[in-house]
Amino acid sequence: FRVSEGWMGNHVFLCRGKLMLGSDAPLFFVTNFLLLASVTVHFLIVIPHLNEHSPQHWTAHPATFYSSIVLAAMSLISLWASATIDPGILPPLSCPDRPPAPEDGMPIGGPLGYRYCATCNIFRPPRSKHCNSCNVCVSKFDHHCPWVGNCIGERNHRYFFLFLVSIASLTILVTASCFRIVFQAYADLAVLPGIGPVYSDIVNGTESIEISTNESEEEDENSMGFGNRIQKLHRVWLALLSYPSIVIFGIFTLLCAWSLTSLTCFHGLIITLAQTTNERVRGVYRYGRHVNTADDGCPQNWITALCSKRPESLLPTDFSEVVLCDEIGNTLRDETIWNGVMSTSTPAPSERAQTGRSATSS
């Protein structure tokens, strides 16, 4: 059997085990579809309309166009990196015997000590947690993101933060472009029936309206002011109806920009404090109950989070490797594959059992 078939986690393997995704792989592909569809609408509908009707506005500037390309590429690359890179999974131990407790001076139990995981049969190190979605323990567990489809931990948190920054910036840019189209449609509605000619010019978000009124009659001025407000609302409604698809798309990107920007700021906060989402939600360091030994100050915390060397992965490099196990009582073949390495010698039964068990558990 393949190594992926003996894996205890709830992960999804593609390409016959060469690519491992998290337990929420379907939502990960939904995220890809939403991202690609939104970028397609932005480049095929929004930007051409801006170049035609608002060529002097900053949303139609070539720098904005190229920035959109860079942000879209960064979003897609960082999304796949967050989903496919090992977050820091601690391989479970398939042996039925409970392993001995570590003896490195760290406490056993508590939020900052080793804790035994009965599911994985390991003593997971401090700041680690068992993810119920993926059914594995993750080192320096932050959270499980369903939209990425994977756990966010010690080895992929920097890519997840890069994804948040790039996608939040892209949604803000797209939202501003959609709102510019609506503002331009509002400005183009220069004459409306009922009150008379209205000349408007929107420049940098300001509007000047000239209405032909009789200054000698105050009552006429008051009625004209009320009618002007009604006319403005009418023009806004007509502007929204002029481009309904862009309005709906702009509302969608606005909601995404609001939530993604808030999430980006939150992760910037926990990076500054050298904490994880799991620790922040649980309030591990609240009221000074525990000392955060990982906090080295704001600048060093950012350098550690974004620029430090990633720990080596404890998982096999290729889950498509084949492990051959012979049935009890059958004659062993001359060529047997153990841990993906072919050998012509027949290992001893004890060695074969130990090697086969380790290959399955990794």
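Structure shown above.
Residues numbered from 1 in each chain as written. Predicted model: local features only at pLDDT ≥ 70, side-chain atom pairs only at ≥ 80, totals over all residues. Heavy atoms only, no water.

Enquirer: I'd love a proper account of the overall build of the chain, names of residues and values included.
Expert: For the chain, the count of helices and strands is eight helices and 15 strands. Each of the 362 residues in the chain was classed as buried or not, and the buried ones make up 40%. Within the chain, residue pairs in contact and separated by at least 24 positions form 60% of the contacts whose partners lie at least 6 positions apart. Split by element, the accessible area of the chain, about 20000 Å² in all, is 62% carbon and sulfur. (Helix = DSSP H or I, 4+ residues; strand = E, 2+ residues; numbered from the N terminus. Buried < 20%, exposed > 50% of the residue type's maximum accessible area, 1.4 Å probe, protein only. Contact = heavy atoms within 4.5 Å. Areas by Shrake-Rupley, 256 points an atom, 1.4 Å probe, with all protein chains shown as cover.)

Enquirer: How would you explain helix 5 (residues 244-272) if you had to name every residue and give the values?
Expert: Counted at 1.5 Å a residue, the expected span for helix 5 with its 29 residues is 42 Å, and the 42 Å between its end C-alpha atoms agrees. One or two positions beyond helix 5, positive phi appears at Ala 274, with a value near 60°. (Expected span 1.5 Å × (residues − 1).)

Enquirer: Describe the packing of helix 3 (residues 157-188) against helix 5, with residues and values.
Expert: Running from amino to carboxyl end, helix 3 crosses helix 5 at an angle of 145°, the nearest separation of the two axes being 7 Å. Considering only the axes of helix 3 and helix 5, their crossing is left-handed. Residues belonging to the contact of helix 3 with helix 5 are distributed by class as follows: 22 nonpolar, nine polar and no charged. (Axes fitted to C-alpha atoms, helices over the stretch in contact; angles between N-to-C directions. Left-handed = near helix turned anticlockwise from the far one by under 90°. Nonpolar A, V, L, I, M, F, W, Y, C, P; charged D, E, K, R; others polar.)

Enquirer: Report on the nonpolar core, specifying residues and quantitative values.
Expert: Membership of the largest hydrophobic core comes to 26 residues, with the highest contact counts inside it found for Val 46, Val 148, Phe 160, Ile 167, Leu 170 and Cys 178. For this core, the secondary-structure elements that each account for two or more residues are helix 1 (25-53), helix 2 (62-84), helix 3 and helix 5. The element best represented in this core is helix 3, accounting for nine residues. With residues near it in sequence (within four places) discarded, Phe 160 still touches Ser 82, His 143, Cys 145, Val 148, Ile 152 and His 267. With twelve residues, the next largest nonpolar core counts Cys 134, Phe 141, Cys 151 and Phe 319 among its residues. (Core = buried A, V, L, I, M, F, W, Y, C linked by side-chain atoms within 4.5 Å.)

Enquirer: Go over the sheet that holds strand 7 (residues 136-138) with me, naming the residues and quoting the values.
Expert: The antiparallel open sheet is built from three strands, whose spatial order is 3-7-6. The sheet is open, and its two borders are formed by strand 3 (89-90) and strand 6 (129-131), each paired with just one other strand. (Pairing = 2+ DSSP bridges.)

Enquirer: Outline the side chain of His 49, listing residues and values.
Expert: Within the fold, His 49 resides in helix 1. Residues contacting His 49, with those up to four places away along its chain left out, are Ser 54, Ile 181 and Tyr 243.

Enquirer: Break down the pattern of salt bridges for me, citing the residues and quoting the values.
Expert: Summed over all chains, the structure comprises two salt bridges. Residue Asp 86 is joined to Arg 155 by a salt bridge in which the shortest nitrogen-to-oxygen separation is 3.9 Å. With Asp 86 in the loop between helix 2 and strand 3 and Arg 155 in the loop between strand 9 (150-152) and helix 3, the pair connects residues that are 69 residues apart, well separated along the chain. Accessibility expressed as a relative area gives 9% for Asp 86, which makes it buried. Accessibility expressed as a relative area gives 9% for Arg 155, which makes it buried. (Salt bridge = Lys/Arg side-chain N within 4 Å of Asp/Glu carboxyl O.)

Enquirer: Got a sec to walk through the environment of Leu 240? Specific residues and values, please.
Expert: If you trace the backbone, Leu 240 turns up in helix 4 (residues 218-242). On the basis of relative accessibility, which here comes to 31%, the residue Leu 240 falls in the partly exposed class. Along the sequence, Leu 240 and Ile 181 sit 59 residues apart, while their C-alpha atoms lie 9.8 Å from each other. Setting aside its immediate chain neighbours within four residues, Leu 240 contacts Val 182 and Val 247.

Enquirer: Which residues make up a nonpolar patch on the surface, and what are the values?
Expert: Taken together, Leu 27, Val 30, Phe 33, Leu 34, Trp 147 and Phe 252 make up a surface patch of nonpolar side chains, about 550 Å² in accessible area. Here the element with the most residues in the nonpolar patch is helix 1; it accounts for four residues. Note on placement: Val 30 falls in helix 1. The exposure class of Val 30 is partly exposed, given its relative accessible area of 36%. (Patch = residues over 30% accessible without salt bridge, like charges linked within 9 Å, V, L, I, M, F, W, Y side chains within 5 Å.)

Enquirer: Before we move on, could you go through the environment of Pro 244 and cite the residues and values that matter?
Expert: Here Pro 244 is to be found in helix 5. With relative accessibility at 45%, the residue Pro 244 sits in the partly exposed group. In sequence terms Pro 244 and Val 182 are 62 residues apart; their C-alpha atoms lie 9.6 Å from each other.

Enquirer: Can you explain the packing of aromatic side chains? Please cite residues and give values.
Expert: Across all of its chains, the model carries eight aromatic pairs by this definition. Their ring planes at 80° and their centres at 4.8 Å tell us that Phe 28 and Trp 80 sit as a pair that is edge-to-face. Within this pair, whereas Phe 28 is found in helix 1, its partner Trp 80 is found in helix 2, the two being separated by 52 residues in sequence. Classification of Phe 28 by relative accessible area gives buried; the value is 1%. Trp 80 sits in the partly exposed class, given a relative accessible area of 31%. The interplanar angle of 70° and the centroid separation of 5.6 Å between the aromatic rings of Phe 161 and Trp 302 together place this pair among those described as edge-to-face. Taken together, the residues Phe 161 in helix 3 and Trp 302 in helix 7 (residues 298-307) connect sequence positions 141 residues apart. (Phe/Tyr/Trp six-rings, centres within 6.5 Å; stacked < 30°, edge-to-face > 60°.)

Enquirer: Tell me about unusual backbone geometry, and please be specific about residues and values.
Expert: You will see that Asn 121, though not glycine, has its phi angle at about 60°, which is positive. With respect to the helices and strands, Asn 121 occurs in the loop between strand 4 (115-117) and strand 5 (122-124). One non-glycine residue, Lys 140, lies in the positive phi region at around 50°. Position of Lys 140 relative to the elements: it lies in the loop between strand 7 and strand 8 (143-145). We classify Lys 140 as partly exposed; its relative accessible area is 33%.

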